[in-house]
Protein chains: 2
Amino acid sequence: VSRVAVFGAGTWGTAFSLVLSDAGNQVALWGRRPELCAAINATHENGDYLPGVRLPDSLVASADPHVVLGGAEVVVLALPSQTLRSNLERWSPMMAPGVLLVSLMKGIELGSAKRMSEVISEVTGAGSDQVAVVTGPNLAREIAERQPAASVVACVNAESAQRLQAVCHTPSFRPYTNADVVGAELGGATKNVIALAVGMAVGLGFGDNTRASVITRGLAETARLGAALGADQYTFAGLAGLGDLVATCSSPLSRNRTFGEHLGRGESLEEAQLATRQTAEGVKSCLAIRDLARRVGVEMPITEQVERVCHEGVDPRKAVAELMSRETKSEGT
Amino acid sequence: VSRVAVFGAGTWGTAFSLVLSDAGNQVALWGRRPELCAAINATHENGDYLPGVRLPDSLVASADPHVVLGGAEVVVLALPSQTLRSNLERWSPMMAPGVLLVSLMKGIELGSAKRMSEVISEVTGAGSDQVAVVTGPNLAREIAERQPAASVVACVNAESAQRLQAVCHTPSFRPYTNADVVGAELGGATKNVIALAVGMAVGLGFGDNTRASVITRGLAETARLGAALGADQYTFAGLAGLGDLVATCSSPLSRNRTFGEHLGRGESLEEAQLATRQTAEGVKSCLAIRDLARRVGVEMPITEQVERVCHEGVDPRKAVAELMSRETKSEGT
């Protein structure tokens, strides 16, 4: 039994807290709003983000980071990617040394173009052997319903990866270890951007052939970026790459895909935000990933088009048409 | 303009005839039943397999192979995989020498465990430079609706591949050449088997996480088989592998996925056949692919389980549970 602090009472943070509780840990969940935390403690339900799911009685929520961190050996971070640095700067001094830091986040920091584990190391001073990532085909609602799911726990240090694996292993949640943190994080981050593109195609009325083509080429451009950054190509063919991408792009539950559908139907960024009541990670990440790709000289046409639709007002119809009509003669080129 | 003979007036044969007609060719379509051919000629619609789609006036159907082959420089084969050999033995003597033979089929021959292009070469005596394959994320109904789609035309001979590319290129259908015939055919054949497994999981009530895990591991076992048979790993990451697999597994239009759903809901093979009114290719191919895998010593757990459900009466619930609970510690093993 470990004491685990989970920061972020959104959909995934809450669902993963349930997994950690099921695995027998003592879990404390931090939420920004005291009233949501009080409601979780009173009703054992997160009505805002995971309505209808009964949370374990042992799970305690609090808006006080001191309370949540008390005695924690594992700290799980499930925040909006762009808020990680500022939050962590406040919490880092409260953390015990040697704590295992775990990112559930799938984004790239704007400006710095850093992966979440890089931001965590930078802010906390933790070595990469102390920072791990959980990723894979893990739609939160299905996980919360305890449907069987496979996942990836990635850390450069095998012992830390195995420790995390043991901490979150349940009869329905099966984590596989992987040493390729770069690949695991890139797979997760670009997935959100590709899901936006798939959503746009769906919103425009295109069917499964087009969707499959966007997914295939999206994974190809992710693998190109990964190759330039030293990731293992095998990671992209596995659960953290292909698996996560397919789950997200197939699911009407996916925020990024749904957001893209709104854009594809001709809504503005603001209208889509209003309609979905949440910000899709990919909207910001596409900028950071595009910057990262340009820095290392990798072509990412889908990411470029998503960025143009989200931030330069380009018509998604034009963007998808450009993607589908790119001049290529043989498949490898 | 080429004269093209298409053998097989099922869904894909008919849809591809429409593509070939759109590309400006003179297309003759062979169907087994004279009454279906007469109806196609009279109504310009294949009411049995592609209802609601208006076929080009220039497309002529006939049950007489002599009529269909008259002057044909390209012969396209879109038959049930297990009937290819016997049919082709009858037609082969009627074909002009030097004709380009094109397989649209996604199966492996029972008994011989041969790919379709191998059967074609064996029966007709055509060299591999004269035998090509069309495959990719190409759901027939979407193609018939002229939705934008990318496809793969594979031939060991680059000139033949380019010739076929030119013959079937339209504003909405974009064929990419590929020299890896082995990979293109294996991707297509195993896809049908994996789609059966995905369908079973869906029929059992599992969601997108499980589906994505089955797809990911299915592609991994396909790539292992391909490696043992000399295929290019890149093919499996592309349209003929990942692309085709994702399109089929996402689509409620897919016969194999739909068939698997029936099995997953507890129906017998016979009940599923009655309900879908068609035989799913994967039901037979799973036997042939399992044999092929055993011959070359490759483990294909999903194919094995699908074979056991289809042909040994194993409960799909037990098969999926076994797949999800396989003991693995790190992702690569």
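In this text, all values refer to a predicted model and were calculated from it rather than measured experimentally.

Comments concerning the packing of helix H8 (residues 181–203) of chain A against helix H9 (residues 208–228) of chain A
All names here are of chain A.
Reasoning step 1: The interhelical angle for the contact between H8 and H9, taken along N-to-C directions, is 155 degrees, at an axis separation of 9 Å. Looking at the two axes, H8 sits roughly antiparallel to H9. The chirality of how H8 crosses H9 is right-handed. Residues Leu186, Gly187, Thr190, Ile194, Ala197, Val198, Ala201 and Val202 of H8 form the contact with H9, whose participating residues are Thr210, Arg211, Val214, Ile215, Gly218, Leu219, Thr222, Leu225 and Gly226.

Some points on helix H15 (residues 301–311) of chain A
Residues and elements named next belong to chain A.
Reasoning step 1: A large share of H15 lies buried, amounting to eight of its 11 residues.
Reasoning step 2: By the burial criterion, the buried members of H15 are Pro301, Ile302, Thr303, Gln305, Val306, Glu307, Val309 and Cys310.
Reasoning step 3: Against the buried residues of H15 lie H8, H9, helix H12 (255–264), helix H13 (269–276), helix H14 (281–295) and helix H16 (316–324).
Reasoning step 4: Backbone geometry just downstream of H15 places Gly313 in the positive-phi region, at approximately 70 degrees.

Side note on the environment of A:Val306
All names here are of chain A.
Reasoning step 1: In this fold, Val306 is placed in helix H15.
Reasoning step 2: According to the relative accessible area criterion, Val306 is buried, its value standing at 2%.
Reasoning step 3: Sequence separation between Val306 and Lys106 is 200 residues, and the spatial gap between their C-alpha atoms is 17 Å.
Reasoning step 4: Not counting residues up to four positions away in its chain, the partners in contact with Val306 are Val193, Leu196, Ala197, Met200 and Cys286.

A few points about the packing of aromatic side chains
Reasoning step 1: Tallying each qualifying case throughout the model produces 10 aromatic pairs over all chains.
Reasoning step 2: Put simply, the rings of A:Phe7, A:Trp30 and A:Trp91 pair up and form one aromatic cluster.

Overview of the pattern of salt bridges
Residues and elements named next belong to chain A.
Reasoning step 1: Using the criterion set out here, one finds 38 salt bridges over all chains in the structure.
Reasoning step 2: Ionic pairing is found between Glu304 and Arg294, a salt bridge with its closest N-O pair at 3.0 Å. Of this pair, Glu304 sits in helix H15 while Arg294 sits in helix H14, and the two are 10 residues apart along the sequence.
Reasoning step 3: Connected through shared salt-bridge partners, Arg85, Glu109, Lys114 and Glu122 make up one network.

A short note on the pairing of strand S6 (residues 131–135) of chain A
Residue and element names in this part refer to chain A.
Reasoning step 1: Counting buried positions over the five residues of S6 gives five, a clear majority of the element.
Reasoning step 2: Residue alternation in S6 divides its side chains into two sets, Val131, Val133 and Thr135 and Ala132 and Val134, and both sets are buried.
Reasoning step 3: Examined bridge by bridge, strand S5 (residues 100–103) and S6 share three bridges and lie parallel to one another. Looking at the pairing, Ser103 lines up with Val133 of S6.
Reasoning step 4: Between S5 and its parallel partner S6, the chain crosses via helix H5 (residues 116–124), and the hand of that crossover is right-handed.
Reasoning step 5: As paired elements, S6 and strand S7 (residues 149–154) share three bridges and run antiparallel to each other. Each residue of the ladder has a partner; that of Val134, found in S7, is Val153.

Structural notes on the side chain of A:Glu261
Residues and elements named next belong to chain A.
Reasoning step 1: Of note, Glu261 is situated in helix H12.
Reasoning step 2: Residue classification places Glu261 among the buried residues on the basis of a relative accessible area of 15%.
Reasoning step 3: In this view, Glu261 contacts Gly199, Met200, Val202 and Gly203; residues no more than four positions away in its chain are not counted.

Regarding the relation of the copies chain B and chain A
Reasoning step 1: Of the transformation placing chain B onto chain A, the axial shift is 0.0 Å and the rotation is 180 degrees, giving an RMSD of 0.0 Å. Such a combination of rotation and displacement between the chain copies is what one expects of a two-fold axis. Proximity to the rotation axis, assessed at the C-alpha, singles out B:Ser250 in chain B; its C-alpha lies 3.3 Å from the axis.

Quick word on the sheet that holds strand S3 (residues 60–62) of chain A
Residue and element names in this part refer to chain A.
Reasoning step 1: With mixed pairing, the eight strands of this open sheet are ordered in space as S3-S2-S1-S4-S5-S6-S7-S8. Since the sheet does not close on itself, it has two edges, and those belong to S3 and strand S8 (173–178), each with one partner. Sheet twist, expressed as the average angle between the axes of neighbouring strands with direction ignored, equals 25 degrees.
Reasoning step 2: For strand S2 (residues 26–30) and S3, the ladder comprises three bridges, and the chain directions are parallel. Bridging from a neighbouring strand, Ala28 pairs with Val60 of S3.
Reasoning step 3: Across the sheet, helix H11 (residues 239–250) touches S6, S7 and S8, and the angle it forms with S7 is around 140 degrees.

Concerning the side chain of B:Thr248
Reasoning step 1: On the secondary structure map, B:Thr248 appears in helix H11 (residues 239–250).
Reasoning step 2: Those residues within four positions of B:Thr248 in sequence are excluded, and the remaining contacts are B:Lys191, B:Ala195, B:Ser254 and B:Arg257.

Looking at the sheet that holds strand S1 (residues 3–7) of chain B
All names here are of chain B.
Reasoning step 1: Strand order across the open sheet formed by eight strands is S3-S2-S1-S4-S5-S6-S7-S8, with mixed pairing between neighbours. Strands with a single pairing partner mark the edges of an open sheet, and in this sheet they are strand S3 (60–62) and strand S8 (173–178). Across this sheet, the average inter-strand angle for adjacent strands is 25 degrees, counted without regard to direction.
Reasoning step 2: The sheet contact formed by strand S7 (residues 149–154) and S8 spans six bridges and is parallel. Residue pairing for S8: Val153 is matched across the bridge by Thr177.
Reasoning step 3: Strand contacts of helix H1 (residues 11–22): S1, strand S2 (26–30), strand S4 (74–77), strand S6 (131–135) and S8, with the helix running at about 170 degrees to S2, the strand carrying the most contacts.

Calculation criteria
Residues numbered from 1 in each chain as written. Chains lettered and ligands numbered in written order. Predicted model: local features only at pLDDT ≥ 70, side-chain atom pairs only at ≥ 80, totals over all residues. Heavy atoms only, no water. Axes fitted to C-alpha atoms, helices over the stretch in contact; angles between N-to-C directions. Helix = DSSP H or I, 4+ residues; strand = E, 2+ residues; numbered from the N terminus. Parallel < 35°, antiparallel > 145°, perpendicular 65-115°, else oblique. Left-handed = near helix turned anticlockwise from the far one by under 90°. Contact = heavy atoms within 4.5 Å. Buried < 20%, exposed > 50% of the residue type's maximum accessible area, 1.4 Å probe, protein only. Phe/Tyr/Trp six-rings, centres within 6.5 Å; stacked < 30°, edge-to-face > 60°. Salt bridge = Lys/Arg side-chain N within 4 Å of Asp/Glu carboxyl O. Pairing = 2+ DSSP bridges. Right-handed = clockwise from strand over helix to strand, strands pointing away. Least-squares fit on C-alpha atoms with pLDDT ≥ 70 in both.

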